Amino acid sequence: MDHSAHHTSTAHDHAAHQGHGSHGGHGPGSVTWGAAAKATLHCLTGCAIGEILGMAIGTALMWGNLQTMILAITLAFVFGYSFTLFAVRKAGLDWKIAIKVALAADTVSIAVMELVDNGIIAITPGAMDAHLSDALFWTSLLGGFAVAFVITTPVNKWMIGRGKGHAVVHAYH
């Protein structure tokens, strides 16, 4: 009987694992800057949608700065989590597990993003009192997102490299 066709530890077919090569090395310690930037961009997209919507609503309703910022931050978290939540739900997770994965994957990234972005807006003279039609409103908001992206990317790289943050999501797609 010829057993040469059987799988052995010395003749392991590594080509079978190449389908996961596009993940950019999410194993502990092996994450690339590209993978970290992609995770941060994913986070930034949800945060930006929520924050812009919150700032626009609060400003349009002439709410005070504190109320507008609370709404914007809340919506940033809601939209940030929802991007991951719906992606892992699509992969077949039930709601309870999907929520846990989204919280584990995105909480630190969103928190850093929001802290930096809102900090930039808060320290930019006149930005907190700018209206939707003012260039200062949009430049401070978008500038804050740019700075937040630059600061949050190394945080995500560090977390993914330790199997935390966005790395948690990769077990489900």
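Refer to the structure printed above.
Computed from a predicted structure; not experimentally measured.

Calculation criteria
Residues numbered from 1 in each chain as written. Predicted model: local features only at pLDDT ≥ 70, side-chain atom pairs only at ≥ 80, totals over all residues. Heavy atoms only, no water. Phe/Tyr/Trp six-rings, centres within 6.5 Å; stacked < 30°, edge-to-face > 60°. Helix = DSSP H or I, 4+ residues; strand = E, 2+ residues; numbered from the N terminus. Buried < 20%, exposed > 50% of the residue type's maximum accessible area, 1.4 Å probe, protein only. Lys NZ or Arg CZ within 6 Å of the ring centre and 35° of its normal. Expected span 1.5 Å × (residues − 1). Bend = angle between axes of the 7 residues up to and from the residue. Contact = heavy atoms within 4.5 Å. Core = buried A, V, L, I, M, F, W, Y, C linked by side-chain atoms within 4.5 Å. Polar contact = N/O pair within 3.5 Å; in protein donor to acceptor, adjacent residues only side chain to side chain.

**Thoughts on the packing of aromatic side chains**
All chains considered together, the criterion is met by three aromatic pairs. For the ring pair F77 and Y81, a centre distance of 5.8 Å and an interplane angle of 50 degrees mean the geometry is tilted. Residue F77 and its partner Y81 are located together in helix α2 (residues 65-90), separated by four residues, close to a single helical turn. With a relative accessible area of 21%, F77 lands in the partly exposed category. Look at F86 and W95: their rings are 6.2 Å apart centre to centre, the planes differ by 90 degrees, and that puts the pair in the edge-to-face class. Its relative accessible area of 42% is what places W95 among the partly exposed residues. The side chain of K157 reaches across the aromatic face of W33, ending 5.1 Å from its centre.

**So, helix α4 (residues 135-161)**
For the α-helix, the turn length of 3.6 residues means that residues three or four positions removed from each other point alike. Its 27 residues give α4 an end-to-end C-alpha distance of 39 Å, which sits within 8% of 39 Å, the value for a rise of 1.5 Å per residue. Its maximal kink placed at T152, α4 deviates by approximately 30 degrees, while the proline P154 follows within four residues. Among all positions in α4, only F137, S140, L141, G144, F145, A148, T152, T153, N156, M159, I160 and G161 are buried. Buried residues in α4 make contact with α1 (33-60) and α3 (95-123).

**Observations concerning the nonpolar core**
Within the largest apolar cluster, 26 residues are counted, with the highest numbers of intra-cluster contacts made by C47, M55, V88, M113 and L141. For this core, the secondary structure elements donating two or more residues are α1, α2, α3 and α4. In terms of residue count, the dominant contributor to this core is α3 (eight residues). With near-sequence residues (within four places) excluded, C47 lies in contact with A76, G80, I110, M113 and E114. Residues V31, A35, A39 and I160 belong to the second largest nonpolar core, which totals five residues.

**Some points on α3**
The terminal C-alpha atoms of α3, which comprises 29 residues, lie 39 Å apart, in line with the 42 Å expected from a rise of 1.5 Å per residue. Taking the backbone nitrogen of K96 as reference, a side-chain oxygen 3.1 Å away marks D94 as the first, capping residue of α3.

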